[in-house]
Amino acid sequence: MGYNRDKAFSYVIENGSMMDTYKLEFILGLGRDDRVPLDFFRSYQNEDGGFAFNFKKGNPSSVAATVSMVSWFTGLDVAYTGAFKRAVIYLKERQAQDGSWDENPEISALNPPEWFMPSAMNTKLWLTAQTACDLLYYAEEEYQAKKAVRFLDQYRRNDGTIEGYPITNWITFALYAQLGMNDSAQKLAPFLRSSIEHDPKMVIWYLDCLWKAKMENVLADDLLDLLESLQDDEGCWKTVEGTACYPETTINALRILSLWDR
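Residues numbered from 1 in each chain as written. Predicted model: local features only at pLDDT ≥ 70, side-chain atom pairs only at ≥ 80, totals over all residues. Heavy atoms only, no water.

Enquirer: When you look at the overall build of the protein chain in this model, what are you seeing that I'm missing?
Expert: If you tally the helices and strands in the protein chain, you get twelve helices and two strands. The linear arrangement of helices and strands in the protein chain, starting from the amino end, is α-α-α-β-β-α-α-α-α-α-α-α-α-α. Considered along the principal axes of its C-alpha atoms, the protein chain spans approximately 45 × 45 × 35 Å. Residues counted as buried form 51% of the 262 residues belonging to the protein chain. Once local pairs closer than 6 in sequence are excluded, the contacts in the protein chain between residues at least 24 apart make up 63%. Counting every atom, the protein chain has about 12,300 Å² of accessible surface; 48% of that belongs to carbon and sulfur. Separation of charge centres in the protein chain, based on 26 positive and 38 negative side chains, amounts to 5 Å. (Helix = DSSP H or I, 4+ residues; strand = E, 2+ residues; numbered from the N terminus. Buried < 20%, exposed > 50% of the residue type's maximum accessible area, 1.4 Å probe, protein only. Contact = heavy atoms within 4.5 Å. Areas by Shrake-Rupley, 256 points an atom, 1.4 Å probe, with all protein chains shown as cover. Lys, Arg positive; Asp, Glu negative; His and termini not counted. Charge placed at Lys NZ, Arg CZ, Asp CG, Glu CD.)

Enquirer: What exactly am I supposed to notice about the pattern of salt bridges here?
Expert: Opposite charge on two side chains lets them pair, provided their charged atoms get close. Tallying each qualifying case throughout the model produces 15 salt bridges. Where Arg262 meets Glu228, a salt bridge forms, and the shortest distance between an N and an O atom there is 3.3 Å. Highlighted residues: Arg262 in the segment after α12 (247–259) and Glu228 in helix α11 (residues 219–229), separated in sequence by 34 residues. For Arg262, a relative accessible area of 27% puts it in the partly exposed group. Because the salt bridges share partners, they merge into one network encompassing Asp221, Asp225, Glu228 and Arg262. (Salt bridge = Lys/Arg side-chain N within 4 Å of Asp/Glu carboxyl O.)

Enquirer: Please explain the packing of aromatic side chains as it appears in this structure.
Expert: Working definition: an aromatic ring pair is given by the centre-to-centre distance plus the angle between the planes. Applying the stated criterion across every chain yields a total of 18 aromatic pairs. Both rings, one in Trp115 and one in Trp205, keep their centres 5.8 Å apart while their planes meet at 40°; by these two values the pair is tilted. Of the two residues, Trp115 is situated in the loop between α5 (82–93) and α6 (121–139) and Trp205 in helix α10 (residues 200–213); the sequence distance between them amounts to 90 residues. With a centroid separation of 6.0 Å and 85° between ring planes, the pair formed by Phe116 and Trp126 is classed as edge-to-face. Here Trp126 lies in helix α6 and Phe116 lies in the loop between α5 and α6, a separation of ten residues in the sequence. Residue classification places Trp126 among the buried positions, given a relative accessible area of 6%. Over the aromatic face of Trp72 sits the side chain of Lys23, whose NZ or CZ is 4.2 Å from the ring centroid. (Phe/Tyr/Trp six-rings, centres within 6.5 Å; stacked < 30°, edge-to-face > 60°. Lys NZ or Arg CZ within 6 Å of the ring centre and 35° of its normal.)

Enquirer: I keep staring at the state of the cysteines and nothing clicks. Help me out?
Expert: Here the structure, examined in full by the defined rule, presents one disulfide. The residue that forms a disulfide with Cys236 is Cys245, at a sulfur-sulfur distance of 1.7 Å. We classify Cys236 as buried; its relative accessible area is 0%. Owing to a relative accessible area of 16%, Cys245 belongs among the buried residues under this scheme. We note that Cys209 lacks a disulfide partner, and the nearest cysteine sulfur, in Cys133, lies 6.2 Å from it. Residue classification places Cys209 among the buried positions, given a relative accessible area of 4%. (Disulfide = S-S within 2.5 Å.)

Right, dumping it as structure tokens:
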């Protein structure tokens, strides 16, 4: 299949921020300067250790925003910092007694998108799966992950799938696999192929889940081919509607393709 890495690189350089450019250069092994990511993290990390909703200074901390940063601490090799540890502590402290995570209720006043709406069950399900999966993968927090599984298992259907957004099943697949719950993971496997959306952001998310699962899956090659085919003539990866390019999506596409040696 193949894709044009040079055009993607040029697109990010021309349209991205300093942090976007740095991420790309780091991913491609073109340079390193820890001050760039650490200055970025410092700008948006609140006193409680969480990251500001929508990455706007002054906004309350968001669980989803913080989870998204945990992976970049590791991806940019700066997980040795106190900032990373504070983010992990923030997430651990916000796990409810029943094992779930919910978005910070303070962001309700900021008109968050549906996926980030506090108290909505769909939000709690995907956010619980994602936070547990990432704390386990990036910070080896097994206790929190097992508590989260007990919560998620309450919402398993008879066919083994989890209620809520389809992506919750992909994330839970990775969580089960990391915990060695291979039977539970395999029950989800048939659903994964049937739930694929041709949205670059979702395809990247699927591939992240398969990578964290560390289980051989024939889906990976198909998804990598699909992601390559979704590159626009401009060199970027567009939204599912095909109306706009975003440096962030393009960077993540290059990151996941590089991770899988494409």
